[in-house]
Amino acid sequence: MNEKDIRIYKIIGRIHSCITSSKDFDEAVTACLKTVLQYSMADYAAVWRADDSEVPVLRPVYWICPVDLSSGMHRSGESLVGRVYKNQASEAVSGEAVAADTALAADFAGMEIGSIACVPLGSGNTCYGCVQFIRTPGKGAFTPDEVDTCELLTYMAQTELEEVRPESHKSQKDILLSARNIHKYYQSGETRNHVLKGVNLDVYKGEFVCLLGESGCGKSTMLNIIGGLLDLDEGTLTFDGKDISKFGEKELTEYRRDNIGFIFQAYNLMPNLNAKQNVDLIAELVKEPADSEELLKLVGLSEQKDHYPSQLSGGQQQRIAIARAMVKKPPLILADEPTAALDYATSIEVLSVMENVVKDGTTLMVVTHNEEIAKMADRVVRFRNGQTYEIRINAHPLHAADLVW
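All residue numbers here refer to positions counted from 1 along the written sequence of the relevant chain. Under the rules for a predicted model, residues below a pLDDT of 70 receive no local features and side-chain atom pairs below 80 are neither given nor counted, while totals for whole chains, interfaces and linings still include all residues. The basis for every side-chain value is the complete set of heavy atoms in the structure, and neither hydrogens nor water enter the calculation.

## Comments concerning the side chain of asparagine 278
Positionally, asparagine 278 belongs in helix α9 (residues 275-283). Three labels apply to residues, based on accessible area from a 1.4 Å probe with only protein chains included: buried if under 20% of the type maximum, exposed if over 50%, partly exposed otherwise in between. Judged by relative accessible area, asparagine 278 falls into the buried class, the value being 2%. Contact partners of asparagine 278, with chain neighbours within four places excluded, come to Leu269, Met270, Leu273, Pro309, Ile320 and Arg324. Each helix is a run of DSSP H or I of at least 4 residues and each strand a run of E of at least 2, with the numbering of both proceeding from the N terminus. In this analysis, two residues are considered to be in contact whenever any of their non-hydrogen atoms come within 4.5 Å of each other.

The structure is reproduced here in structure tokens:
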């Protein structure tokens, strides 16, 4: 057995181990892609899932790359993704062929691509979609042997879970917010720290999106830029079609007032005002606020409306903060580590309230380091070293009551 065969068997063994410990189809595919990347066959990867329409449309459900593919789509037979799906035959393109595929160019706008290998994804005789393996320039084109290995790894995922039929991907709603090539620097003495390094991200109306990552990866900085609390240094940020990256201070104040609700780890309640008064204080800033008593009922604090913050538990104070964020009826609520200071039981209470916020049609963005909370989200965006690194569309969001940590 030669060195190449030994390496392939090692990879297969690793894939087999990952897949057999996976709970469902999506988790298996995720494990497969991460393992492939660990072995440096590709720099990035993406999974495209077909819907059940007469002429199937493929949309991304999971990807590891620094661009947001959420709005991408390929019809069966069209472009690299569509051809591979229709023909159920792998294909690799590089150089000018990548640039000539307008659909690929649109998917990876702003990202340099050297070579792409695309292989079918299916189970039994049914093709569900395809997997892209992506290399940046300078790494060389995918060789036929490497494409075969990509096929083999993908096949392992298929055969291990061939009885599992993944659900058709649900199309995204309208875009509420779009970030393109966002950079942010902090000056510390003579040192200039590059915190955000070209973030690309779309946020959709009515979705729950979770930003995950270790401390210092840039997720809270990104949230504060979206909320108009920090200026960006490079890039563009549009909200409902308006370029807020060009707003002056007055326009930013109006943007925050009319469009954004904030929930922070620190509750920031006025200690000399009771629960209802804390909510009413924010209601006075807008023309058509929601009813504060109805909101306190929604968050389960009707009986505590006359209580002051010092008379309430941490979870109750955070629920007031949620009601306060909702009273403006904002299209977007931003929450930065909203349960970090709470115990498990209280966290579940607060997350249940936030779950109802999304059901009401409000868009919710939550920054957290808690992997379990991310299971509630429609999309999970993982930050690494100042960029979006991994994005997953969650086909089966959990209810808050089902979370365990």
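## Regarding the packing of aromatic side chains
Each pair of aromatic rings taken from Phe, Tyr and Trp, with Trp reduced to its six-membered ring, is defined by centres within 6.5 Å and is described as stacked if the planes are under 30 degrees apart, edge-to-face if over 60, and tilted in the remaining cases. For the structure on display, the rule yields three aromatic pairs. Ring centres 5.6 Å apart and planes at 10° place the aromatic pair phenylalanine 262 and phenylalanine 264 in the stacked group. Phenylalanine 264 sits in the partly exposed class, given a relative accessible area of 26%. When the ring of tyrosine 344 is compared with that of tryptophan 405, the centres are 5.0 Å apart and the planes differ by 85°; the resulting orientation is edge-to-face. You can see tyrosine 344 sitting in helix α12 (residues 344-359) and its partner tryptophan 405 sitting in the segment after β16 (387-393), a full 61 residues away along the chain. The class for tyrosine 344 is partly exposed, based on a relative accessible area of 35%. Residue classification places tryptophan 405 among the partly exposed residues on the basis of a relative accessible area of 42%. Charge-over-ring contacts are defined here by two conditions on Lys NZ or Arg CZ: a distance within 6 Å of the ring centre and an angle within 35 degrees of the ring normal. Taking NZ or CZ as reference, arginine 135 lies 4.2 Å from the ring centre of phenylalanine 142, over its face.

The analysis is restricted to geometry; functional conclusions fall outside its scope.
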